[in-house]
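Commentary on secondary and tertiary structure
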Amino acid sequence: MAKQEDIFKNVVSHAKEYGFIFPSSEVYDGLSAVYDYAQNGVELKKNIREYWWKSMVQMNDNIVGLDAAILMHPTTWKASGHVDAFNDPLIDNKDSKKRYRADVLVEDFAEKINQKAQKEIEKARARFGDAFNEEEFVTTNARVVEYLSKYKEILSRLAKGMTDDLQDVKALIDELEIADPETGSKNWTDVKQFNLMFGTKLGASADSAMDLYLRPETAQGIFVNFLNVQKSGRMKVPFGIAQTGKAFRNEIVARQFIFRMREFEQMEMQFFVRPGEEMQWYHHWKEARLKWHLSLGLGKENYRFHDHEKLAHYANAAADIEFNFPFGFKELEGIHSRTDFDLKAHEQYSGRKLQYFDPELNENYVPYVVETSVGLDRMFLAVFATSLQEEVLEDGSTRTVLKLPAVLAPTKAAVLPLVKKDGLPDIAKKIIEDLKWDFNVAYDEKDAVGRRYRRQDALGTPFCITVDHQTIEDETVTIRHRDTMKQDRVKISELKDIIENEVSMKNWLMKM
Ligand code: GAP
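Residues numbered from 1 in each chain as written. Predicted model: local features only at pLDDT ≥ 70, side-chain atom pairs only at ≥ 80, totals over all residues. Heavy atoms only, no water.

**Considering the overall build of the protein chain**
Broken down by element type, the protein chain carries 18 helices and 23 strands. Viewed in the frame of its principal axes, the protein chain has a C-alpha envelope of about 80 × 65 × 55 Å. Out of the 512 residues in the protein chain, the part that is buried amounts to 49%. For the protein chain, restricting intrachain contacts to residue pairs at least 6 apart in sequence, the fraction spanning at least 24 positions comes to 66%. Working note: accessible area of the protein chain is about 25,900 Å², and carbon and sulfur atoms make up 49% of it. With 71 positive and 83 negative side-chain charges, the protein chain shows a separation of 1 Å between the mean positions of the two kinds. (Helix = DSSP H or I, 4+ residues; strand = E, 2+ residues; numbered from the N terminus. Buried < 20%, exposed > 50% of the residue type's maximum accessible area, 1.4 Å probe, protein only. Contact = heavy atoms within 4.5 Å. Areas by Shrake-Rupley, 256 points an atom, 1.4 Å probe, with all protein chains shown as cover. Lys, Arg positive; Asp, Glu negative; His and termini not counted. Charge placed at Lys NZ, Arg CZ, Asp CG, Glu CD.)

So, in C-alpha cells, the structure goes:
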C-alpha cells in the first residue's frame, strides 16, 4: 500500500500537471500557502460552490444569499473579538530565528508517539490476521499502553496550557526536549500570542489613512447585515443568510497544500432562531450538513463528528465535521451554536439595535444564531484527494483516474473523432455545439483514442463520446463511462439525456 505521504505528494503533483492548482506567482518561486486555481480547478471549485449554494439557498425558502464586502469597518473586528482574541501561540527559536506555532510543535511530537503505537497495532494485525482483537491489544500490550498514555497525557497538558497559561506550554516543550524541526536547536523563546488578521490601510495619505483588516471570516458580513436583510426581505425567524467568499488569515503553520491557506474561501450560513430554540436547530444543521457531504458519495467512513468539549466564549455548542484527508482526520466544516454573542456585540459597539420583532410572541429580541461554516478549498481537497485513484486493470496495466462525483466534474464530456479525417471532426464539433449549451464539454483529436481516454480519466471527465465511421451511416456514437470504462453505442440525439441523468444537481441532491 502506498504511504500516506506519497499519496499526498501525488495529489499535489496531479493537481498541477492537469491544470487544477498552481502555486501563486510561481515565476517568483511562489508565495507560501497561497494558491491559484487553474483552468480545471476553477470549474471544480465553482461546481462545489454551486452545489452548496443550491442546497442551502435555492432549496430552502427561508435562507437567502449575501455578498458582503471583504473590507469592513474596523470596529466590526473589535466587536467580534478578533482584535483581542484571534491569536495563535507562537514560539521563536533563538538560534535558527525560525518561528513556529507552539501547539503544533507539541502536537507533532505527540503524533510521533501515537504513530509508534499505530505501527505496533498494524504489526500485530498482520501477525494475528482475523483473530486480532484490537480493543484487547491496545489495553494489554505494555508498549502500546505506554505510547498511548504518553500521547494522551501530552495532549491534555497542551490543552490545559493553551487555556490556562502559555508558560506551561513552553515548559512542556522544554520538558519533552522538542527541537526545531529544521535545525535541531532547543534554544526557545517564551510562547507569545500572535494575531492572525492581515492589516491594510484605507485612504491615500499616510496621516488620514484608516487601519483596516482583511476579513478573517465571512460571518461578520452577515451579522452586520442581519437587520437589513430581515427588513428588506421581510424574513421571519427562523431564517438564514448564506454567503460564500474570500477570507484571509496570516497562518503561521501553512502547510498541507490547500488545507491551510492564507487566502481561502468560506461557505457560511448563519441561521437566526428564537432564543431557547437554538439547540434544536443546532442538531438539525449538524445532521443536514453531514447528509450534504454524504450525498457526494465519497464514503461514509471518511466522515466523523468531533464535538467540542471546550467551547469558544461565544458558543454554547460546537462540532466539527472531520474528513479523512490523506494526512488523517481533520476539520472540514464547523457547526456552531453562537448564541446572541455577535449580534449583541455589534449592538453594543454600534449603538444601534439589532433586534427582531416576533409577531407571534409579540416581543422584540436579539435572535440566537446557529452557524454552518465550511472551507471551499478544504472541500476541494477532500473531493480531489479521495477521487484520485490508481487502478490495476485486467490486463495488468494501470490507469490514473480521477473519480470525481460527476456532478462536480469540471468537464462533463469529451467528444473525440476517431480519426482526423473523413468528416469525423466536423460531426464531433457539431455535437459539441449542441451540448455546450447545457454542459461544459471538450473537444480532443490529438493522439490515439486510448491515450485520449486516459487523459480524460485523469481530468475526471465522466463521459467520452467517440465519433467513428459508423456515425456517418446511422448517427450513433460510442459513449464511454469513466468509472467502469464500459462503452455503449447510442444515438447522438440521446446524449443530452444520458449526460443530464448522471450530472444533474437535482439527482445528486435528492440523495440527501
Ligand atoms: N465563522 C466561523 C469560522 O470561521 P473556522 O472554524 O475558523 O470558523 C471555518 O473556519 C472553516 O473554514 C473551517 O472548517 C475550514 O474548512 C475553513 N478554514 C479555516 N481556516 C482555513 C485556512 N487557513 N485555510 C483553508 N480553510 C480554512
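After presenting the structure, the write-up continues.
**Overview of the pairing of strand β21 (residues 463–467)**
Of all the 5 residues making up β21, 5 are buried; the element is thus mostly covered by neighbouring parts of the structure. What you see with β21 is no split at all: F463, I465 and V467 on one side and C464 and T466 on the other are buried throughout. One ladder, built from 5 bridges, connects strand β19 (residues 413–417) with β21; its direction is parallel. Residue pairing for β21: A413 is matched across the bridge by F463. Bridge count for β21 against strand β22 (residues 476–481) is 4 bridges, and the pairing is antiparallel. Paired with C464 across the two strands is R480, which belongs to β22. (Pairing = 2+ DSSP bridges.)

**Here's the deal with the domain arrangement of the protein chain**
Structurally, the protein chain comprises domain 1 (46–71 + 214–385), domain 2 (87–195) and domain 3 (393–509). Centre-to-centre, using C-alpha coordinates, domain 2 lies 49 Å away from domain 3. (Domains from an automatic or database assignment.)

**Considerations on a positive patch on the surface**
Among the surface-exposed residues, K420, K446, R451 and R455 lie close enough to one another that they form a single positively charged patch. Along the chain, K420 turns up in the loop between β19 and α14 (424–435). Under the relative-accessibility criterion, K420 is labelled exposed at 58%. (Patch = residues over 30% accessible without salt bridge, like charges linked within 9 Å, V, L, I, M, F, W, Y side chains within 5 Å. Salt bridge = Lys/Arg side-chain N within 4 Å of Asp/Glu carboxyl O.)

**What about the site of the ligand?**
Close to the ligand lie 20 residues, the nearest being E217, M261, E268, E331 and L332. Computed on the free molecule, the ligand has an accessible area of 560 Å², of which 92% lies beneath the protein chains in the complex. Within the residue set of the shell around the ligand, elements represented by two or more residues are β10 (263–273), β13 (328–339) and β16 (368–375). In terms of residue count, the dominant contributor to the shell around the ligand is β13 (6 residues). When grouped by side-chain class, the residues that make up the shell around the ligand number 5 nonpolar, 5 polar and 10 charged. (Near = heavy atom within 4 Å. Nonpolar A, V, L, I, M, F, W, Y, C, P; charged D, E, K, R; others polar.)

**Points about the sheet that holds strand β6 (residues 192–195)**
The 3 strands lie next to each other as β5-β4-β6, forming an open sheet whose pairing is antiparallel. Either end of the sheet is taken by a strand with one partner, and the two such strands are β5 (99–101) and β6. Averaged over all pairs of adjacent strands, the angle between their axes in this sheet comes to 50°, without regard to strand direction. Judged from the 3 bridges that link them, strand β4 (residues 87–92) and β5 form a sheet pairing that is antiparallel. Paired with D92 across the strands is R99, a residue of β5. (Axes fitted to C-alpha atoms, helices over the stretch in contact; angles between N-to-C directions.)

**Thoughts on the pairing of strand β18 (residues 398–402)**
Pairing geometry for strand β17 (residues 388–392) and β18, over 5 bridges, is antiparallel. Paired with V392 across the two strands is T398, which belongs to β18. Hairpin connection, β17 to β18: the antiparallel pair is bridged by 5 residues, and G396 has positive phi, about 90°.

**With respect to the packing of aromatic side chains**
Evaluated as defined, the whole model comprises 23 aromatic pairs. With a centroid separation of 5.8 Å and an interplanar angle of 25°, the aromatic rings of F380 and F384 are classed as stacked. Of the two residues, F380 and F384 both sit in helix α13 (residues 376–387), 4 residues apart, roughly one turn of that helix. Residues F380 and F384 agree in their burial class; the two are buried. Note that R378 overlies the ring of F259, its terminal NZ or CZ placed 3.7 Å from the centroid. Taking NZ or CZ as reference, K511 lies 3.4 Å from the ring centre of W508, over its face. (Phe/Tyr/Trp six-rings, centres within 6.5 Å; stacked < 30°, edge-to-face > 60°. Lys NZ or Arg CZ within 6 Å of the ring centre and 35° of its normal.)

**A look at the nonpolar core**
One recurring pattern in soluble globular proteins: nonpolar side chains tend to sit buried together. Counting residues in hydrophobic clusters, the biggest one holds 83 residues, and the most contacted among them are F20, Y51, W285, M379, F380, L381 and I465. Residue contributions to this core peak at 8 residues, all from α13. Beyond its immediate chain neighbours, meaning those up to four positions away, Y51 contacts W292, S295, L296, V407, L408, M505, W508 and L509. Core analysis: the second largest hydrophobic core is formed by 26 residues, A102, I121, F137 and Y147 among them. (Core = buried A, V, L, I, M, F, W, Y, C linked by side-chain atoms within 4.5 Å.)

**Quick notes on the sheet that holds strand β23 (residues 487–491)**
With mixed pairing, the 5 strands of this open sheet are ordered in space as β20-β19-β21-β22-β23. A strand with exactly one partner marks an edge of an open sheet, and here the two such strands are β20 (441–443) and β23. The average angle at which neighbouring strand axes cross in this sheet is 25°, direction not considered. Packed onto the sheet, α14 meets β19, β20, β21 and β22 and runs at close to 165° relative to β20. Running over the sheet, helix α15 (residues 449–459) touches β19, β21, β22 and β23 and is turned about 170° from β19.

**Details of the side chain of D88**
The residue D88 is located in strand β4 in this model. Not counting the four nearest positions on each side in its chain, D88 is found in contact with R101, K192, Q193, F194, L196 and E251.

**Some details on the packing of helix α5 (residues 102–128) against helix α8 (residues 166–175)**
As a packed pair, α5 and α8 sit with axes 10 Å apart at the nearest point and diverge in direction by 40°. Relative to α8, α5 is oriented oblique. Like other packed secondary-structure pairs, α5 and α8 cross with a definite hand, here left-handed. Residues A102, L105 and V106 of α5 touch α8, and the partners they reach there are V169, L172 and I173. For the contact of α5 with α8, the per-class residue count stands at 6 nonpolar, no polar and no charged. (Parallel < 35°, antiparallel > 145°, perpendicular 65-115°, else oblique. Left-handed = near helix turned anticlockwise from the far one by under 90°.)

**Side note on the pattern of salt bridges**
Taken as a whole and assessed by the stated rule, the structure comprises 40 salt bridges. Note that R289 and E333 form a salt bridge whose closest N and O atoms lie 2.7 Å from each other. Here E333 lies in strand β13 and R289 lies in helix α11 (residues 278–294), a separation of 44 residues in the sequence. For R289, a relative accessible area of 1% gives the class buried. Two residues, D483 and R482, come together in a salt bridge whose shortest N-O distance is 2.6 Å. On the basis of relative accessible area, R482 is assigned to the buried category, the value being 4%. Because the salt bridges share partners, they merge into one network encompassing E391, R399, K403, D457 and R480.

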